[in-house]
Structure formats: C-alpha cells, structure tokens
Amino acid sequence: LNFVVASVEEQAKAVQQMAAFEAKGKLKKISDLYGQGDMEGVLAEADQLLAKEPELGAAIYLRGAALWKLGRTDEAEQELRRAIELVPDQEGIWGVLGTVLLDRSERLEAAGQTAEGAELAYEAAGYFAKDLEEHPDSMASLINRAAALDQAERDDELEPALRAVIAADPTNVQATS
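As the structure is a prediction and not an experimental result, all values here were calculated from the model. (Residues numbered from 1 in each chain as written. Predicted model: local features only at pLDDT ≥ 70, side-chain atom pairs only at ≥ 80, totals over all residues. Heavy atoms only, no water.)

Chemist: For this particular structure, what's the right way to read the overall build of the protein chain?
Modeler: Helix and strand counts for the protein chain come out as 10 helices and 0 strands. Secondary structure elements of the protein chain occur, N-terminal to C-terminal, as α-α-α-α-α-α-α-α-α-α. Counting every position in the protein chain, which comprises 177 residues, the buried fraction comes to 40%. Contacts in the protein chain between residues at least 24 apart in sequence constitute 49% of all its contacts with a sequence separation of at least 6. Total accessible area on the protein chain is roughly 10,300 Å²; 52% of this is exposed by carbon and sulfur atoms. (Helix = DSSP H or I, 4+ residues; strand = E, 2+ residues; numbered from the N terminus. Buried < 20%, exposed > 50% of the residue type's maximum accessible area, 1.4 Å probe, protein only. Contact = heavy atoms within 4.5 Å. Areas by Shrake-Rupley, 256 points an atom, 1.4 Å probe, with all protein chains shown as cover.)

Chemist: Help me understand the packing of aromatic side chains, please; the structure alone is not making it clear to me.
Modeler: Given two aromatic rings, one states the distance between the centres and the angle between the planes to describe the pair. Following the criterion strictly, the structure yields 1 aromatic pair and no others. Stacked on the ring of tryptophan 94, the Lys or Arg lysine 130 has its end atom at 5.3 Å from the ring centre. The lysine or arginine in question, arginine 154, covers the ring of tyrosine 122, its NZ or CZ lying 3.6 Å from the ring centre. (Phe/Tyr/Trp six-rings, centres within 6.5 Å; stacked < 30°, edge-to-face > 60°. Lys NZ or Arg CZ within 6 Å of the ring centre and 35° of its normal.)

Chemist: Looking at this structure, how should I read the packing of helix H2 (residues 24-35) against helix H4 (residues 57-69)?
Modeler: Between two packed helices, what matters for the description is the angle formed by their axes and the separation of those axes. Between H2 and H4, the shortest axis-to-axis distance is 10 Å and the interhelical angle comes to 15°. Classified by the angle between their axes, H2 and H4 sit roughly parallel to one another. Remark: the crossing between H2 and H4 carries left-handed chirality. Counting all contacts with H2, which are made through Leu27, Ile30, Ser31 and Tyr34, the residues of H4 involved are Ala58, Ala59, Leu62, Ala65, Ala66, Trp68 and Lys69. (Axes fitted to C-alpha atoms, helices over the stretch in contact; angles between N-to-C directions. Parallel < 35°, antiparallel > 145°, perpendicular 65-115°, else oblique. Left-handed = near helix turned anticlockwise from the far one by under 90°.)

Chemist: Whenever I open this one, helix H5 (residues 73-86) confuses me. Can you help?
Modeler: Each full turn of the α-helix corresponds to 3.6 residues, which orients residues three or four apart in the same direction. Here H5 spans 20 Å end to end across 14 residues, near enough to the 20 Å set by a 1.5 Å rise per residue. Listing the buried residues of H5 in full gives Thr73, Ala76, Glu77, Glu79, Leu80, Ala83, Ile84 and Leu86. (Expected span 1.5 Å × (residues − 1).)

Chemist: Explain the pattern of salt bridges to me, please; I cannot follow it from the model alone.
Modeler: Pairs can form between side chains of opposite charge whenever their charged atoms are close. Within this structure, the stated rule accounts for 16 salt bridges. As a salt-bridge pair, glutamate 45 and lysine 29 come within 3.3 Å of each other at their nearest N and O atoms. Within this pair, whereas glutamate 45 is found in helix H3 (residues 39-52), its partner lysine 29 is found in helix H2, the two being separated by 16 residues in sequence. Residue glutamate 75 pairs with arginine 72 through a salt bridge whose shortest N-O separation is 2.8 Å. By sharing partners, the salt bridges in this structure join Asp74, Glu77, Arg81, Arg104, Arg107 and Glu123 into a single network. (Salt bridge = Lys/Arg side-chain N within 4 Å of Asp/Glu carboxyl O.)

Chemist: Can you help me understand a negative patch on the surface in this one?
Modeler: A cluster of acidic side chains, namely Asp150, Glu153, Asp155 and Asp156, defines a negative patch on the protein surface. With respect to the secondary-structure elements, aspartate 156 resides in helix H9 (residues 155-168). (Patch = residues over 30% accessible without salt bridge, like charges linked within 9 Å, V, L, I, M, F, W, Y side chains within 5 Å. Lys, Arg positive; Asp, Glu negative; His and termini not counted. Charge placed at Lys NZ, Arg CZ, Asp CG, Glu CD.)

Chemist: Mind showing me how you'd approach unusual backbone geometry here?
Modeler: For residues other than glycine, phi is negative in most cases, and the peptide bonds are mostly trans. Even without glycine at this site, glutamate 153 takes up a positive phi of about 60°. In this structure, glutamate 153 sits in the loop between helix H8 (139-151) and H9. With a relative accessible area of 65%, glutamate 153 lands in the exposed category.

Chemist: When you look at helix H6 (residues 93-110) in this model, what are you seeing that I'm missing?
Modeler: In a regular helix each residue adds 1.5 Å, so 18 residues correspond to 26 Å; H6 covers 26 Å between its end C-alpha atoms and thus fits that length. The first or second residue beyond H6 is glycine 112, which carries a positive phi of 85°.

Chemist: Can you walk me through the environment of glutamate 45 in this structure?
Modeler: Residue glutamate 45 is classed as buried on the basis of its relative accessible area of 14%. Apart from residues lying up to four places away in sequence, glutamate 45 is in contact with Lys26, Lys29, Ile30 and Leu33.

Chemist: How should the environment of glutamate 79 be read in this particular structure?
Modeler: Locating glutamate 79 in the fold gives a position in helix H5. Judged by relative accessible area, glutamate 79 falls into the buried class, the value being 12%. For the pair glutamate 79 and leucine 97, spaced 18 residues apart in sequence, the C-alpha to C-alpha distance is 9.4 Å. If we ignore the near neighbours within four places in the chain, the residues touching glutamate 79 are Ile60, Arg63, Gly64 and Leu67.

Here it is in structure tokens:
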C-alpha cells in the first residue's frame, strides 16, 4: 500500500485542477466569450457550468470578471473573493479583484463615504502588490497600486509606489506630475 500525505491546500488544489481539466472545453468557451466581449454569454455559460461544478474556481473567476465588466461590482467582488479561496494562483485574479475594489472605493468616496472608500482602496493596493509578486513588471498593477494608495491617502507608501512606476517607465507623465 502506498499512502500519499498531502496538506489540505494541496488536496484542494488537486481537486480544482481535476475539475478544471474535466471542464476544459467549457472553460475555453467561457474564456473565448470573455475575449469577444460577450459578458452576458460568459454569465450564461458560467452559470451552466457552475450548476454542475459549483466549486470550479476558474469558472467563478470568469463569472466575477464578467460581472465587473457589466458594472455589477458588488457581485463581482463576492465572486472574485470566492474564486481566490479556491484558486489563489489563477492568472490575473489578484489584479482583477484589486481593480474591482478600487472601482467600489471610488463610488464610496463619491457618495461621501470617504473613510470606507479609503479603507477599500488600501485593500485594493494590497491585491495589486500581491499581483506584483507574480508579475513585477506589470505596469497596470504598478499604476493601479499607486492610484489605490493615493486614494487611500497613504502618502508614506505612495512615494515609493510612484518611484516604482517611474523606474519601470520614465516617460509616464502621470507618475511624474
């Protein structure tokens, strides 16, 4: 008898990989719909797949991204947080959640809820930092992290973030202004 001992995280990751493998064709179709800009199609196909595989993180991620594109940021945030629990190594997930939170932060601040907005912006900055751990040259995450820190009024962290943007792209007018 051979016994394989795996951590709970390793077991969960293996389950996700197997489910994603089994749903590969369906996930590709959903991804293609996303690439074509058919967010309603993404939702319909993802919902259909999730009815069969409710814990399929990749489908939940694509569903959350589509909800965000449709302007349904509260729902998008919930789906993306759920997806992160299931597939934290999903390509792009940290940056997308950061962007959703930054959007929500801007809405809160526009509604006069500045403290709540600043708190959400700071959380978004953390997700962009997490994305930068995997993709240190991502200009989108560098710029978005700086924007989130600015919105959160974290001046002590904003200056180094702006310096990182300038170091990556010295021609970036927004960072040098």
